[in-house]
Amino acid sequence: MDSSGLNEVVISKILGNIPPNIKPMDYLMETLDISKESVYRRLRGDIPFTFGEIVKLSLNLSFSIDEIIGQNKKSRIFFDLIENISYNPQQTFLALLMDYHRYILNVRNAKRIDTILAVNRILMWLTLESTYLFRFFYFKWAHQTYKAPANYSFSEVYISPDINVLCQKINEDLQFTYYASYIIDRKAIVHTIKEIQYYYRRKLITTEELLLIKDDLLAFINQIEAMAKTGVTSVGSPVYIFLSMINVESNSLYTSYDDKAVSYFWIYSLSPASVNNEAACLLHKKWLDSLKRYSMLISQSNEMLQEEFFNKQRSYINSIENEML
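Scope of this entry: the structure provided in the associated data block. (Residues numbered from 1 in each chain as written. Predicted model: local features only at pLDDT ≥ 70, side-chain atom pairs only at ≥ 80, totals over all residues. Heavy atoms only, no water.)

With respect to the overall build of the protein
Okay, so step 1: In terms of helices and strands, the protein carries 12 helices and 8 strands.
Okay, so step 2: Each of the 325 residues in the protein was classed as buried or not, and the buried ones make up 49%.
Okay, so step 3: Here the analysis covers contacts within the protein between residues at least 6 apart in sequence; of these, 73% occur between residues at least 24 apart.
Okay, so step 4: Working note: accessible area of the protein is about 16,800 Å², and carbon and sulfur atoms make up 54% of it. (Helix = DSSP H or I, 4+ residues; strand = E, 2+ residues; numbered from the N terminus. Buried < 20%, exposed > 50% of the residue type's maximum accessible area, 1.4 Å probe, protein only. Contact = heavy atoms within 4.5 Å. Areas by Shrake-Rupley, 256 points an atom, 1.4 Å probe, with all protein chains shown as cover.)

So, a positive patch on the surface
Okay, so step 1: On the surface, Arg186, Lys187, Lys194 and Lys312 cluster together into a patch of positive charge.
Okay, so step 2: Looking at the secondary structure, you find Lys187 in the loop between β3 (180–184) and α9 (188–201).
Okay, so step 3: Judged by its relative accessible area of 47%, Lys187 falls in the partly exposed class. (Patch = residues over 30% accessible without salt bridge, like charges linked within 9 Å, V, L, I, M, F, W, Y side chains within 5 Å. Salt bridge = Lys/Arg side-chain N within 4 Å of Asp/Glu carboxyl O. Lys, Arg positive; Asp, Glu negative; His and termini not counted. Charge placed at Lys NZ, Arg CZ, Asp CG, Glu CD.)

Considerations on the packing of helix α7 (residues 131–145) against α9
Okay, so step 1: Their axes nearest at 11 Å, the elements α7 and α9 cross at an angle of 70°. It follows that α7 is roughly perpendicular to α9 by the angle criterion. Classified by chirality, the crossing of α9 by α7 is left-handed. For the pair formed by α7 and α9, the contact residues are Leu133, Phe136, Phe137, Phe139, Lys140, His143 and Gln144 on the first element and Thr192, Glu195, Ile196 and Tyr199 on the second.
Okay, so step 2: Partitioning the contact of α7 with α9 into residue classes produces 6 nonpolar, 3 polar and 2 charged. (Axes fitted to C-alpha atoms, helices over the stretch in contact; angles between N-to-C directions. Parallel < 35°, antiparallel > 145°, perpendicular 65-115°, else oblique. Left-handed = near helix turned anticlockwise from the far one by under 90°. Nonpolar A, V, L, I, M, F, W, Y, C, P; charged D, E, K, R; others polar.)

Describing the nonpolar core
Nonpolar side chains in soluble globular proteins tend to end up buried together.
Okay, so step 1: Judged by nonpolar contacts, the single largest core of 70 residues is most densely connected at Leu97 and Leu217.
Okay, so step 2: At 9 residues, helix α10 (residues 207–230) tops the list of elements feeding residues into this core.
Okay, so step 3: Setting aside chain neighbours within four positions, we find Leu97 in contact with Met124, Trp125, Leu128, Ile163, Leu166, Cys167 and Ile170.
Okay, so step 4: Counting 15 residues, the second-largest nonpolar core is a separate cluster that includes Leu32, Ile34, Phe49 and Phe63. (Core = buried A, V, L, I, M, F, W, Y, C linked by side-chain atoms within 4.5 Å.)

Digging into helix α2 (residues 24–32)
Okay, so step 1: Residues Met25, Tyr27, Leu28, Thr31 and Leu32 constitute the buried set of α2. Burial along α2 is one-sided: seen end-on, the buried residues are contained in an arc of 165°. (Arc of directions from axis to C-beta.)

What follows is the structure in structure tokens.
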């Protein structure tokens, strides 16, 4: 592909990912901090977007540079993974939340949404309303990602007002976004409990704090059970919950909205690797659909299995301070 053809691909990719309710000219002027004439010249193809500008736009608009430079390499599939971008964990954590919020906004206004989430362990993104459970995920992330001091305790966790405000905004936007299927590993809660118990054994979480986390876990399970019983979220969006009869290897998410698709794979607790390649996303969806065939639908059905599953999860949670699972 020659330079002019590549520039056309870049322009098309940028314009195609700017939300339809935002004027491209205004968006590019503000995001790139350049004049209207400079934007015109780039969109007309008189001058190319710089690599730095493409990188910035790819992060803000959630598209992969590899979709552009590697589109003629049919035998390869490229993944994006957000790096730690700051030595300040609060700033990095906020940036990760902002990236997730951009994803929510991208799909919220879509006319057609299809989402399948396979859950091997509780995802932090599902706990934004749970004060102490959410704090635990931040606490674990800080230990693992930022090599926090060995004696860094749960009581020292500070969640900034900016993070709290953004979490609230994400929850509000998320309520009206999903038409979703959840495929849940039967021991998803156990994996999370083991992590909590590890830090409790190290005396980095007190018994009082453990009980607060336990209450959040019980509330979380009650929320999932309510969706299973009714088949809808708290605002009436349809949801399908499947209980996998085989192990779910890892957390992953497939979403298609309008004419776009994206897959996320959590290789560690917070930052997913993402792929926008159409073939790769379809392959991922095919795997998730096959996983459904090894699962039982418990939304508004299989009441006995549903009751057995949720009671078992509560028994795991209620033993959190007494025994190792």
